[in-house]
Each structure stands twice: as structure tokens, then as C-alpha cells.
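Overview (structure and organization)
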Amino acid sequence: MSLELRDVSRTVDSSAHIHPTSITLIPGGFNILLGPTLAGKTSLMRLMAGLDKPTSGQIFFAGEDVTGIAVQKRKVAMVYQQFVNYPSMTVFQNIASPLRLNGESKVAVKKRVDQIAEILKLGPLLDRLPSELSGGQQQRTALARALAKDASLVLLDEPLANLDYKLREELREELPRLFEDSGATVVYATTEPGEALLLSGHTAALNEGRITQFGPTHTVFRDPNDLLTATIFSDPPLNLANARKEAGGFQLGFTSWPVGYYSDLPDGDYQVGFRPHHLQLQSNDNAALPITGEVLITEISGSESFVHLGLGKHRWVAQMHGIYQWDPGQKIDMFLNSAHLLVFDSTGNRIRSTHG
Amino acid sequence: MAEITLKAIRHSYQANPIAPSDFAIRSVDITWRDGGAYALLGPSGCGKTTLLNIISGLLRPTEGAVLFNGVDVTAQDPVARDIAQIFQFPVIYDTMSVYRNLAFPLVNRGVSGEEVDRRVKEVAGMLDLSEMLNQRAVGLTADNKQKISLGRGLVRSDVNVIMFDEPLTVIDPHLKWKLRSELKRLHQRVGFTMIYVTHDQTEALTFADEVVVMHEGDVVQVGTPRDLFDRPEHTFVGHFIGSPGMNLMPCQIVDGKPIVGHSEIPVDRFFADHDKGNGLEFGIRPECIHLDPAGFPVSVMRIDDVGRYRIIRAEFEGQPLQILVKEEELIPSENLRIRFDRSSIQIYKDGWIVDRGVAK
Amino acid sequence: MIDRVSNQKAWLMVLPVILLVAFNAIIPLMTVVNYSVQETFGNNVFFWEGMKWFEEVLRSERFHASLGRQILFSFTILIIEVPLGILVALNMPRRGIGVSICLVLMALPLLIPWNVVGAMWNIFALPDIGLLGRAINGMGIEYNFTQNPVSAWLTVVAMDVWHWTSLVALLSYAGLCAIPDPYYQAAKIDGAGRWQIFRHIELPKLKRVLTIAILLRFMDSFMIYTEPFVLTGGGPGNTTTFLSIDLVKIALGQFDLGPAAAMSLIYFLIVLLLCWVFYTLMMRSESNTS
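First, a word on scope: everything that follows refers to the structure included in this document. These numbers were taken from a predicted model, which means no experiment stands behind them.

Calculation notes
Residues numbered from 1 in each chain as written. Chains lettered and ligands numbered in written order. Predicted model: local features only at pLDDT ≥ 70, side-chain atom pairs only at ≥ 80, totals over all residues. Heavy atoms only, no water. Contact = heavy atoms within 4.5 Å. Buried area = accessible area lost by both parts, 1.4 Å probe. Salt bridge = Lys/Arg side-chain N within 4 Å of Asp/Glu carboxyl O. Helix = DSSP H or I, 4+ residues; strand = E, 2+ residues; numbered from the N terminus. Nonpolar A, V, L, I, M, F, W, Y, C, P; charged D, E, K, R; others polar. Axes fitted to C-alpha atoms, helices over the stretch in contact; angles between N-to-C directions. Parallel < 35°, antiparallel > 145°, perpendicular 65-115°, else oblique. Left-handed = near helix turned anticlockwise from the far one by under 90°. Buried < 20%, exposed > 50% of the residue type's maximum accessible area, 1.4 Å probe, protein only. Polar contact = N/O pair within 3.5 Å; in protein donor to acceptor, adjacent residues only side chain to side chain. Core = buried A, V, L, I, M, F, W, Y, C linked by side-chain atoms within 4.5 Å. Expected span 1.5 Å × (residues − 1). Arc of directions from axis to C-beta. Pairing = 2+ DSSP bridges.

Once that is clear, we can look at the interface of chain B and chain A. Put simply, an interface is often sized by how much accessible area is lost when its parts join up. Opposite the 38 residues of chain B that make contact, chain A presents 42 residues. Contact with chain A buries surface across chain B, with H174, W177 and R308 of chain B losing the most and accounting together for 20% of the total. Our count for the chain B to chain A interface comes out at six salt bridges. Within the residue set of the side of chain B that touches chain A, elements represented by two or more residues are α6 (173–190), α7 (201–207), α8 (225–230), α9 (235–240), β18 (299–305) and β19 (309–316) of chain B. No other element matches α6 of chain B, which puts nine residues into the side of chain B that touches chain A. Looking at the side of chain B that touches chain A residue by residue, the classes come out as ten nonpolar, 14 polar and 14 charged.

Let us look at the packing of helix α3 (residues 106–119) of chain A against helix α4 (residues 135–148) of chain A. Each packed pair of helices is defined by two parameters, the angle between the axes and the distance between the axes. All names here are of chain A. Packing of α3 against α4 leaves a shortest axis separation of 10 Å and a crossing angle of 135 degrees. Classified by the interaxial angle, the pair formed by α3 and α4 is oblique. Considering how the two elements wind past one another, α3 and α4 form a crossing that is right-handed. Residues R112, I116 and I119 of α3 lie in contact with α4, whose contacting residues are A144, L147 and A148. Per-class residue counts for the contact of α3 with α4 are five nonpolar, no polar and one charged.

This part is about unusual backbone geometry. Note that the residue after D235 of chain A, namely P236 of chain A, is joined by a cis bond; omega there is 5 degrees. Backbone geometry at E317 of chain B places phi at a positive 55 degrees, although glycine is not the residue there. With respect to the secondary-structure elements, E317 of chain B resides in the loop between β19 and β20 (319–326).

Tallied over the full model, the rule gives 47 salt bridges over all chains. Between R217 of chain C and D220 of chain C there is a salt bridge whose closest N-O contact spans 3.5 Å. Here D220 of chain C and R217 of chain C lie together in helix α9 (residues 194–222), a separation of three residues that amounts to about one turn. Since its relative accessible area comes to 1%, R217 of chain C is described here as buried. Through salt bridges that share partners, K121, R140, E170 and E174 of chain A make up one connected network.

Looking now at the side chain of S149 of chain B. Residues and elements named next belong to chain B. Of note, S149 is situated in helix α5 (residues 142–154). A polar side-chain atom of S149 sits 3.4 Å from the main-chain carbonyl oxygen of V91. For S149, the contacting residues outside a window of four places in its chain are I86, P90 and V91.

The subject of this paragraph is the nonpolar core. Within the largest apolar cluster, 52 residues are counted, with the highest numbers of intra-cluster contacts made by F63, I86, L176, F222, L243, M263 and F278 of chain C. Residue assignment for this core shows that the elements contributing at least two residues are α2 (52–59), α3 (61–91), α4 (98–111), α7 (149–177), α8 (181–189), α9, α11 (243–253) and α12 (257–289) of chain C. In terms of residue count, α12 of chain C provides more of this core than any other element does, eleven residues in total. Leaving out residues up to four positions away in the same chain, F278 of chain C has contacts with F75, L78, I214, L215 and F218 of chain C. In terms of nonpolar packing, the next biggest core, distinct from the first, is built from 50 residues, F92, V220 and I232 of chain A together with V306 of chain B among them.

To continue, consider α4 of chain C. Residues and elements named next belong to chain C. Helix length check: α4, at 14 residues, gives a terminal C-alpha distance of 20 Å against a target of 20 Å (1.5 Å per residue), a fit within 8%. Buried residues of α4: V99, M106 and P109, and no others. Along the axis of α4, the buried positions cluster into a sector of 105 degrees, meaning they face one direction only. Structural note: α4 exposes V104 and L111 on the side pointing more than 90 degrees away from its buried face. Buried residues along α4 sit in contact with α3 and α7.

Hydrogen bonds along the backbone pair up the strands of a sheet, which may run parallel or antiparallel. Pairing in this open sheet of five strands is antiparallel, and the strands run β15-β19-β16-β17-β18 (chain A) from one edge to the other. Where the open sheet ends on each side, the last strands, each with one partner, are β15 (279–280) and β18 (314–321) of chain A. One ladder, built from two bridges, connects β15 of chain A with strand β19 (residues 331–336) of chain A; its direction is antiparallel. Looking across to β19 of chain A, one finds that L279 of chain A is bridged to L336 of chain A. Relative to the sheet, α6 of chain B contacts β16 (289–301), β17 (304–311) and β18 of chain A, its axis offset from that of β16 of chain A by approximately 75 degrees.

In C-alpha cells form, the structure reads like this:
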């Protein structure tokens, strides 16, 4: 089932929540909306669901114009950040509720609920009330209800945000496969780049009510079209600096780099950036870019170290495999493989090297 | 600032606790040195918030004692204990400016006007709040509000310990990075004893010098972030720390070597015979499994690309096995073979590490 | 903020309510408007009078006097009931069986019909046989609400406070219960005293609820009729004759339908105006704080 938004915008009290946006969701796929709080993820979802009416533009569902058609008439299921279940119903009744609304027979309802409960590991909990469940189980119940509805469009609005770290990890792995068989088009909103990468599928990066890029998740991550997309899709944050290209080199103020792959670039002002995990202590690449920074703080997380570096007025992060413990104030030398350098023009558009 | 000792703390929310399951805290003995950065890590319901409230004095333990610098404070309320606490959601005084918010704890303690002004400005400087001092606290962003909550703890010179109860819950990922590292720098500058409660391993490991991992009311391990990663003392720690967590597979010990299924795994230690028997598990971190054409064959179920690395979800001897592979490393399309890093293998019996392994 | 997708059929569902409101409010109101601009001597004979009744009412000293009494009364009871209600709410238990006992006790006065309240207080305060009246007189204080204007006023105010403080208290209690625990914990840790907790946490968080409580109490007290009518009948003299009592006297006592209709409309507009002023003032201070 395809969903297309054509030049859709939404303005509330003269403030634009969504600027004119066009997007065609991948039918039967996992579509991720990635962006910080207030980027417009929820607004966009509400438009897709038909809960809000767009200020302008049209929405097509399976080729049919559904702009302005109430949500009840579309086969849409939604799961929220808060755990929304019917408090007075058991888990069984909760999951069965959309089936009963469809007027299915008792036997059919029982069969389907058992089947869904099996997938979501709710089998032993069917007789409990939502208040007797843990957060993870409550959210599983909500997901089960969405699954039972057999909707052609499933909207998941940060469904894991209120769960424990480890539970999130577990559900994150299951989610994409959960809806795979139903053929539903899934839309998933999240603020976390790592989550988008794990869920895979397609990602739309959102910033201040605009989609900056939409494409296969790993393409958007590795090959962003602009600075905003690269910034949104980076955790830890993208390392960034202003650079002036002149006489065959990038002048960053605190250092200068050879142009490498970007020799065709006209002289002028640019912004250069790269991802924290691309900084290395050694490099066997001849064209590697040297970086010398002063350690501000080192954070160690299991097998990785996050080294916060001060370079002039810039603060960069190096995410490194292994445990490194440097003292604040220490100077360290690092390298960046020049293939990993992202260059943006002054308006933030990505400039791709003609060589790489 | 103070050294904090928890002596045989047990706590139950019930009036007459009998069974171990009646206790939210089963038995905790910890000493935290003055000026350290500590984290209490565990899933929801593990008792970490209960323990935090016992330290702050909001709860009185059923049994045991809380000591600050060797003095028993178990009967004292939070005010008498001179602690500061930062909550999940920023607590600010709506009616006051940022300046007055920061000055509030000092004014209440009758500190002189000049001293108040000096301390507030100093703390505002540390927290990058100097430019907002005259604004109303109400209109600020969540991260700035959380900084104010923290600032109200930092202005006081008499604070024994600053406690954080999942303070980054409402903060966006990008700002989390900033706030987290600022917090750590701040700790190194001011040297307060700090205790950080969270379910998020990254927050706990990056912040703390020493992490206390809790599970169902018990402390399962106390150690440096590195200890917890390299040598989890309990399978729960192995699973809970690391993303994905440690691979655990049932195994046997024959002639001092672990055997998983039909494969004898080479190790750098000798596991004594009395470790034989049921309930043995072989543990290895996904980071410590390497691709090796001469190694054990595994069947690949799926490969997840997570950006800077990939997770191979495979099967080894019929057991699920997760393998972490770096971004630039090539994964052969068929006949994948692996090797377990010898020094990173751990053996568990009934969940607890077999500590009697002797070096060869 | 959330506007739903338009659905024409929905109007059909709302139609019965619209009709009901029309019969209930709009048609009677238009009748009043009709009467207020004409003179009638019965038999459905009307003479056009224009704004005459309005001018007459607005100039009449009697109207000024009852309006003055009305405003004084409303402000008096607000000044007493709001702080008293908050005080009661602050001292209500937050957990245990005390909660339900308190809630039932507090709700009781609200469940008693207006005229019963009037009758109760009438008997209760009678100087010769009433418990309260006897007691006060017994203490050597001269008290007789049927003859002494001060006594009458105090009794009417006391009765309203008794009847309605619960409402303010219950609303405030609900507001207080909605304040998350960490606020109190943080304030304790910051060394704040009881008054500061009230001033900097509870009062700001109660603002919305109190706005509603004040509006409700103001509107209600401004239109008070039954209780003082049963208790004092507006006396002694005219000392407790509030706007609504006066209106009924004119309309039914003297059968001056024109002036009564004009007065009703003016009364209605005053209530509307004052409510609007209250609301904007309170919302303005609200937007300053959040």
C-alpha cells in the first residue's frame, strides 16, 4: 500500500510545523523519520494518519486522494511513546479489540490473538491487566494491538523512548521483522541515529519541519546530501570546522590539510566535517589528514573510548575502539582517512569529490 | 564532601518482609570514597532508585546503616545530610529568574549577599549560564533547566554528595553528548562525590570511575568500566553491559578446556576439574570474536549494518552467536570462519564467573 | 490546536443540542430583549420605548445600591474562600483512609440544595432558638440577623463560606496532588521552608486551578439568590438585597416587566464583562510564568 505526500504543509497559528514536503513512502517497507525533538516527526505522522488536515497539498493512499478523510476510514494503526492500552481490559482483550471491532468470530479472534501473542512473547501474560505489566510488556501489548489491526499503514512514534536501554535493544531487533509478513507500510519516528541504523530500511532526515533527505538508511548515513542531514544523522555529533581552500590546501585555522580528492574545487570558503569514529591513531593511508588536539576529557564505554578534543575554538570527538586513558591537557596526534572527509559549500550543500 | 559507606543495607516496602522476594534491596555493602564519580546501573525495578533514596535520606532502610565520613546518618533527613539531587525531569522554580534559582539554596541557608553573588556567578560560569542569569527560568530549554538543577547543588559548599537520578532522560541525543562530557569535566574540576543512577550503560560507563551493577535488589558487580567489560563476574553483567551483550553458550569442561557442542575452544587458561558439571556457560564478547579462515565454521543468519560496524548474527554449534565486525573489514560471502580471542573467554557456573582458572 | 478533518455529517449529531440550546437560552433571552425595549400593560399590547428602561435602570439609585452590595459580597467571599480553601487543601491528607473521609466530608456541603442551606442557617442562626444565635448572644455579643444589618451580612457571608469553601478546597487539592514529588524533594534539599515551598512551588503550580476556582466562585456568588432569599429575604431593610433578589422584586413584586428585562440584560452584561476581565488578567499573569 503506497502513501504519497504531495507538497503537503501544515501551519498552526501562523507557525509552520511542516513546510511544503513531498515524500513517497516505500510500500511494505520500514520508513524512518529521524530528527531532533520538534523537527516535525509527530506532525508529519499525524498528517499521514489523517489526524490533522494539511494546510496545503494532497495525500494519496494507494493512488487515491485521501486528503481530508477522517482517520477512522483509513486502515491505520499507531503506537506512541507512552504506553497506551485499555486499562480495564486484559492483554488478551486488548489485542482482540481491533479484531472484535471487525466483527470476527470468537474462534478466529482467539486464534489470531494467540498467534500474535506468540510472536511478541506475551503468551503467558494474556490474562493480566496492563497495570500488572512492566513497561516493556505494556509496549509489546500496544504493538500487538497494532499488529492485530492488520492495518496497511502502521505509525510508530518513538515507541521505545520510555523503555530501558537493554529492552530497547531487544525490541529494536524484533521490530523490523514483526511487520514484515503483514505487508504493512511502517513509519517509525526516532531521535536516535543509532536506532535508525539498526532498524535499517529507509530514512528521512527531518529538521525544523523539512525533510532534508530521504533514501535507503545506509546511503543517507554514508552519503548525506547536505550538512543538516549529516548533522542529524551522527551520534556522537559530527566533527565540523570552517575551512578556506586556497593554494592547494584547506586552511582550518588550527591546521591545514592537503586538498586530496578535492583538487578540482575552486578556492573559497567551505565547511568540512567527518564522523567521530573515523579518527584513528595510526594510518597507512599516504593521504591521511593529520590532526593534533588537546584532550579535554576521555570517556570510556566498555570496549570504546570517546576522546573529546579541543582544537582552537573547536571541540571534536574521537570515537575509538579500545580503551584509552589520556589526561586532560595532553596533546595527541590522530589521523583522518581523506576518503571520509565530507565537504560542504557555504550554504551547507554537500560537494562530492570528483575522484573518490 | 564525604566518604559514603552503606553497611548491610536491606530494604523492603512491606511491613513484615520474610521471603527474599519481599526485599527491594537484599543486601548492600559498599564504600564510596570522597570525591569519586560513581554510577548505579541496572534495569527498571532492580532497586537502584530505592538505594539512591536511602542514601539521600528520602527513605529509611529496613536494616543497615548509612555513614557519611564514618558518622551514622541513617536517622537524618535529606536536609540534615547536606546532599544535592538532580531528578529525571528538571526541577526549577517557575517564578524565579535563573539567578534567583541558583541563589535559592544559599539564601535559605542564610549565606551573606556578597558570598551568594560570588558563588552564583562562579557556578553560572562553569555551567555556561552566565548570559541567562536575568532570564526567567521557565522559558529555557530542557538542557539549560537541567543545568540549573545541577547548579543549585554546585553553589553550596557544604554538599556531601551530588546525586543524579537519570538526569538525561528528557535531553536530545546531541545535547546528551555535550551535557555528559561537561558533567564529567565538572566533576574533575570541583571534586564533589557524585552518584549517577541510570539504566543506560553508556551514561554509566562514561561518567563513572566505578560502576555498581544491580540486579533484582542485589549488587552483582562493582568495578571500573573496563572490569565490567573485560571480566563480567555474572552473566547478567555480561548481558547488560555491551551492545550487543556477551554471547553465552552452554558448555562443558573436559581436561581443563571448554567444549561448546563438539568444538573444543582453545583458551589461555586451565579450568580445573571441579568446575565440571551442569550449569556451565561459555561467555565471549561479540567484540572479541575475529574472522579467521582457519577458525571454527559458523552459519550466518543475518548481517546488520550499524554504520561504524556490522553485527553478524550467526549460529555456532546450534547456538546463536553475535559477532562485531568493523566498518572497513570485509565479510566473506560464504564459509565464514571465526576465532575466539583466547584471553577474553570467560566460563560461568550457575551465572557466576568461575574464578579458579589458573594461567597455563 | 488540533483541528480535525471536516466532516459534514457530524453536524447532524450536534443538531439536537443546538435546538435544545436555542429553546433553552436563545429564545428566552430574545423575549427578555423584546420586553426591555417596550412597555406592556398585559394582553399582548406593546409600546416601543427604545432605550428608556435601560437609562432608567442605570440611573436608579436602587440599582446602584444593589450592584454595590453585590460587588462587595462577591469580593468578600472570594477573599475569604480562596485562601481558606487553599489552607484546607494544604492540610488534607495525601494518602491513607483519611483521604476518602476528607473528600466525603468536603463534598457534603456541595450536595445540599441552596434553599435547604438557607433554611438550615436560618434556624441555626435564630437568636432565640438557633444554636449559633443563642451561643453568640450568650457570649454577650448582640446578634440578630433579622434586625441588625451587620449581623445579617455576617450570617450571609458565613453561610456562603460554609457552603462553597469546599469547592475551592477540592479543586486546590486536585491541583496539589498533581505536583510531582521531586519538586518537594528538591525544595527540601535546597533548604526551603514551608512558606517558600508554598510560594515558589505550590502556588505557581496551582495557578490554573485557582483561575477556574475564582471564576466559578465569582460567577456563582454574583448571581446568588436562593440562600439569602430564604435566610433574610433581602433584609433587614434592603441591606442584603443583592442584584438577583432586587430583580425578582421588580419583576414579580412590582410587575415592572420592562425595567426588569432591561435590568436582567444589564446584569447579564456585567457578569460577562467582569468574567472577561478576570479571565484576561489571570491568563496574562499565566503567560508570564509559563
